[in-house]
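# A look at the structure
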Amino acid sequence: MFVFGVLLAGVALFALATVVFGKADRVRRGAWATFGIGLFLSLAFIVGSCISVVPTRNVGIVTSWGKPTGRTTGAGLQWTAPWQDIDEWDASGQTYAHLGDQCVWVTIAAQRRACIPVQIEWSAKSEKAPENWAAYREVGERSRFEVFVERRVNPQINGSLTSIFASFDPLGSVDVTSGDAPAPDLNKTYKEPLIKALTTELGDEIVVKSVAFESPRYDEPTTQAIAAYGQKILEARNLEIDKANAKTRAEITRTDASVDQVARCLQIAEKLGKEPGLCMGGSVSLTRPVQSD
């Protein structure tokens, strides 16, 4: 627009020269009209090239002949030199949303596989906008910012997820007393480590606002391993109960064997109203009388 305005200014100047040096009145009148129109359009295009509108929550990158000047602007109506332009860099909130079936598959402990549902809210730092704008180029219909997200931000998020979940063992969430396998609370265990990892890798370029996990899913071999582990815990618990019952029965048997049979027979005879002499005749077995109707 600025270049076009300069060209129109040249046309206006040429028309002015025709007015000054022209001899025919008709030519001079036509030159005056050309000068007036050319001057008006030239000024309109030059002034228009100085005005840009930056959308809300975006950062304006001021460029001069296609190169960043290092200057940034806020949102709204902005003025620049005629030979400068303003390109946009998105500083609004962004969402890395991979919840539900869109969860992220990672390799966990023992080379098992888990699908982690996660949502991360972040925004680009405005002070790093000129540097990042210059580091990336538009690809097809994708803007520089979209290329930045695709090539810089998302790979670092995926790498951080892979790193912090490398030691995650779902068998550790199995209840060692009942064998039940409740869903692990990933927010309690992995929220802060993920924020720390992302801040380490991207802290100069983005701000991580929030991280939220849902319950993970597992591949079939991992699901079977969890079920088998829970079954072993249940079997071990039942075995311990059987051992405890057997120990109790053995103790009762030993106690009965240590009791004097004659003394015990006399106690039973007294209780049942039997003759105690039966306990002295070698038979110590007493039974309750059968009552008839």
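Before reading on, note that the structure itself is shown above.
How each quantity is defined
- Residues numbered from 1 in each chain as written.
- Predicted model: local features only at pLDDT ≥ 70, side-chain atom pairs only at ≥ 80, totals over all residues.
- Heavy atoms only, no water.
- Pairing = 2+ DSSP bridges.
- Helix = DSSP H or I, 4+ residues; strand = E, 2+ residues; numbered from the N terminus.
- Axes fitted to C-alpha atoms, helices over the stretch in contact; angles between N-to-C directions.
- Core = buried A, V, L, I, M, F, W, Y, C linked by side-chain atoms within 4.5 Å.
- Buried < 20%, exposed > 50% of the residue type's maximum accessible area, 1.4 Å probe, protein only.
- Contact = heavy atoms within 4.5 Å.
- Arc of directions from axis to C-beta.
- Polar contact = N/O pair within 3.5 Å; in protein donor to acceptor, adjacent residues only side chain to side chain.
- Parallel < 35°, antiparallel > 145°, perpendicular 65-115°, else oblique.
- Left-handed = near helix turned anticlockwise from the far one by under 90°.
- Nonpolar A, V, L, I, M, F, W, Y, C, P; charged D, E, K, R; others polar.
- Disulfide = S-S within 2.5 Å.

## Observations regarding the sheet that holds strand β2 (residues 58-64)
Strand pairing in a sheet relies on backbone hydrogen bonds, with the paired strands running either antiparallel or parallel. Pairing in this open sheet of three strands is antiparallel, and the strands run β3-β2-β5 from one edge to the other. Unpaired on one side and paired on the other, β3 (67-73) and β5 (84-90) mark the two borders of the sheet. Going from strand to strand, the sheet's axes swing by 35° on average, the running direction of each strand aside. Relative to β5, β2 runs antiparallel, the two being bridged by seven bridges. The residue bridging N58 from the neighbouring strand is D90, located in β5.

## A look at the nonpolar core
If you look at the biggest cluster of nonpolar residues, it comprises 36 residues, and the most contacted ones within it are I120, L161, F165 and F213. Those elements that provide at least two residues to this core are β2, β7 (104-107), β8 (113-116), β9 (118-124), α3 (129-135), α4 (144-164), α5 (186-202) and β10 (206-213). Of the residues forming this core, the biggest block, eight residues, is contributed by α4. Look past the residues within four positions of F165 in its chain and what remains in contact with it is V106, T107, I108, A109, I116, L186, Y190 and F213.

## Digging into α5
Within the span of α5, buried status applies to L186, Y190, L194, A197, L198 and L202. Axial view of α5: buried residues confined to an arc of 100°, hence all on one face. Along α5, exposed side chains directed more than 90 degrees from the buried face belong to K188, E192, K196 and T200. Those residues of α5 hidden inside the fold are in contact with β8, β9, α4 and β10. With a side-chain oxygen lying 3.2 Å from the backbone nitrogen of N187, the N-terminal cap of α5 falls on D185.

## Considerations on the side chain of S160
Position of S160 among the secondary structure elements: in helix α4. Not counting residues within four places of it along the chain, the set of residues in contact with S160 comprises L194, A197, L198 and E201.

## Topic: the packing of α4 against α5
Contact geometry of α4 with α5 gives a least axis separation of 10 Å together with a crossing angle of 135°. Between α4 and α5, the angle is such that the two are oblique. Helix-helix and strand crossings are classified by hand; for α4 and α5 the assignment is right-handed. Contact residues: R152, V153, Q156, I157, S160, L161 and I164 in α4; Y190, P193, L194, A197, L198, E201 and L202 in α5. For the contact of α4 with α5, a count of residues per class yields 10 nonpolar, two polar and two charged.

## Description of the pairing of β9
Counting buried positions over the seven residues of β9 gives five, a clear majority of the element. Two strands pair when backbone bridges link them, and strand β6 (residues 93-98) and β9 are joined in this way by six bridges, in the antiparallel orientation. Among the inter-strand pairings, G93 is bridged to a residue of β9, identified as S123. Where β9 meets β10, seven bridges bridge the pair, whose relative direction is antiparallel. Residue pairing in the sheet places S123 in a bridge with V207 of β10.

## Quick word on the state of the cysteines
Using the criterion set out here, one finds one disulfide in the structure. Between the sulfur of C103 and that of C115 lies a disulfide, 1.9 Å long from S to S. Taking the sign of the S-S torsion, 100° for the link of C103 and C115, the bridge is right-handed. Of this pair, C103 sits in the loop between β6 and β7 while C115 sits in strand β8, and the two are 12 residues apart along the sequence. Each member of the pair, C103 together with C115, is buried.

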